[in-house]
Amino acid sequence: MEKHVPIKSIVRFETCSDYISHLTNAEMSVKRVHKTNACENRFCPICTWKTAKKDAIKLSVMLKAVKEIEGKEFLFLTLTSPNCGAGELIEELDRFNKAVSKLFRRRNVQRVVKGYVRKIEVTTDQEQYITEKVFKRKKDYFEMRGLKVGDPNPTYNTYNPHVHAIVVVNKSYFNKPSDFLSKKKWLEMWQECMEDKSITQVDVKKVQDSANSNAVLEIAKYSAKGSDLYHSETVFDTFYKALKGRQLLVFSGMMSDYAKKYEKGDLDRLKEKNEDVYTHLLRSLWKGSKYDSKLRELSPEEFEEFNKQAELIEESDGVE
Ligand SMILES: [Zn+2]
């Protein structure tokens, strides 16, 4: 990180969450983060994890609202592009984002799609030779090219951008043939928007249980997984330059309206209630290899104030 950011940010990054206080009870059977000195850097593993948990809750409340209030349904759409080299990644991500916007502006898409939330994700292949594990995962691809375990990996040191989106559709999408867009049609449109006929995959399916769906977790999670991001300095630099300052989670149309409602507290009634009662505060300081913690009872004023603040479940509890 040192070469990318000022020293002030390095210090915040290095000391991220070395102080945490939790609301708890005497038995410490319940726990909720009260205060912490999070660095909020998007390349920090702790903060990425916390943001993902928070976004997952936000998205599931929003989906519940859009379904209940607007009577809509959802699609889970995954758009991919061919792998590219490190040097082309920034350009490729820009091109990719433009193509996604173009796709959602098409007339037959706009007719049935009322909004979406999308997340860009980048993975990298850092296996120089084909390992057994890699072979198993992409068996068809390797066999088609006559490659076997131990051969040089043709996608070594390439990057793969893709987008996951939860798309709001009218109910008629599923029961009116003129509104329905087949997987083949989505692929065709995506190829046209990307101006690339070599793209072979588009994944689209109906979101079944919108409140507890994998789609929500997929959208909420990191844009780059830790094992990729921290693979080596060169790989980190590539990710850093490509993802820095880029809007990763994008809301559009009805989803954008509902994101604003969520932030304003208009959807609080749909949030899960927190039944826990907190009587104590646990303050923890990181001491090199473990937290040093002290427990104390809350004052009557604190008891009232902190329990009121904790009425709704809004974010994950506890950095373990
Ligand atoms: Zn952090």
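These figures come from a predicted structure and were not determined experimentally. (Residues numbered from 1 in each chain as written. Predicted model: local features only at pLDDT ≥ 70, side-chain atom pairs only at ≥ 80, totals over all residues. Heavy atoms only, no water.)

Trainee: I tried to follow helix α3 (residues 89–105) on my own but got confused; where do I start?
Mentor: End to end, α3 covers 24 Å across 17 residues, agreeing with the expected 24 Å (1.5 Å per residue, within 8%). Those residues of α3 that fall on the buried side of the exposure criterion are L89, E92, L93, F96, N97, A99, V100, L103 and F104. Along the axis of α3, the buried residues cluster in a sector spanning 165°; they form a single face. Residues of α3 that are exposed and point over 90 degrees away from its buried face: E91, K98 and R105. (Helix = DSSP H or I, 4+ residues; strand = E, 2+ residues; numbered from the N terminus. Expected span 1.5 Å × (residues − 1). Buried < 20%, exposed > 50% of the residue type's maximum accessible area, 1.4 Å probe, protein only. Arc of directions from axis to C-beta.)

Trainee: Teacher, can you tell me more about the packing of α3 against helix α8 (residues 183–194) here?
Mentor: Working note: a packed helix pair is described by the angle between its axes plus the distance between those axes. Between α3 and α8, the least distance of the axes is 9 Å, while the angle of their chain directions is 130°. The angle between α3 and α8 falls in the class oblique. α3 and α8 meet at a crossing whose hand is right-handed. Where α3 approaches α8, its residues E92, R95, F96, A99, V100, K102 and L103 are matched on the opposing element by W186, M189, W190, C193 and M194. In the contact of α3 with α8, the residues fall into nine nonpolar, no polar and three charged. (Axes fitted to C-alpha atoms, helices over the stretch in contact; angles between N-to-C directions. Parallel < 35°, antiparallel > 145°, perpendicular 65-115°, else oblique. Left-handed = near helix turned anticlockwise from the far one by under 90°. Contact = heavy atoms within 4.5 Å. Nonpolar A, V, L, I, M, F, W, Y, C, P; charged D, E, K, R; others polar.)

Trainee: Would you explain the coordination of the zinc ion in this entry?
Mentor: Ideal geometry at a metal centre gives angles of 109.5 degrees when four donors are arranged tetrahedrally and 90 or 180 degrees when six donors are arranged octahedrally. Distances from the zinc ion to its protein donors, C16 (SG), C39 (SG), C44 (SG) and C47 (SG), fall within 2.3 to 2.4 Å. Here the zinc ion binds four donor atoms, and the angle range of 104 to 115° at the metal identifies the geometry as tetrahedral. Between consecutive donors of the zinc ion, the numbers of intervening residues give the motif C-x22-C-x4-C-x2-C. You can see C16 sitting in the loop between α1 (7–14) and β1 (19–24) and its partner C47 sitting in helix α2 (residues 45–70), a full 31 residues away along the chain. Pair check on accessibility: C16 and C47 agree, each one buried. (Donors = N, O, S within 2.8 Å, 3.2 Å for Na, K, Ca; no water. Tetrahedral: all angles 85-135°; square planar, octahedral: opposite > 155°, others 65-115°.)

Trainee: Looking at this structure, I do not really get the packing of aromatic side chains. What am I missing?
Mentor: Given two aromatic rings, their pairing is described by the distance between the two centres and the angle made by the two planes. Counted by the stated rule, this structure contains 12 aromatic pairs. Residues Y173 and F174 carry aromatic rings whose centres are separated by 5.0 Å and whose planes lie at 80° to one another, so their mutual orientation is edge-to-face. Centre to centre, the rings of F236 and Y240 are 5.9 Å apart; their planes meet at 40°, and the pair counts as tilted. Of this pair, F236 and Y240 both sit in helix α11 (residues 233–243), separated by four residues, roughly a single helical turn. Clustering of aromatic rings is evident, with ring pairs tying together F43, Y230, F236 and Y240. Positioned above the aromatic ring of F174 is the side chain of K206, whose terminal nitrogen or guanidinium carbon lies 4.4 Å from the ring centre. K271 extends its terminal NZ or CZ atom over the ring of Y262, reaching a point 4.6 Å from the ring centre. (Phe/Tyr/Trp six-rings, centres within 6.5 Å; stacked < 30°, edge-to-face > 60°. Lys NZ or Arg CZ within 6 Å of the ring centre and 35° of its normal.)

Trainee: Sorry if this is basic, but what is going on with the packing of α2 against helix α12 (residues 254–264) here?
Mentor: Remark: α2 packs on α12, axes separated minimally by 10 Å, with the N-to-C direction vectors making an angle of 115°. By the criterion of interaxial angle, the relationship of α2 to α12 is roughly perpendicular. Of the two possible hands of crossing, α2 and α12 adopt the one that is right-handed. In this structure, α2 contributes I57, K58, V61, M62, L63, A65, V66, I69 and E70 to the contact, and α12 contributes M254, M255, Y258, A259, Y262 and E263.

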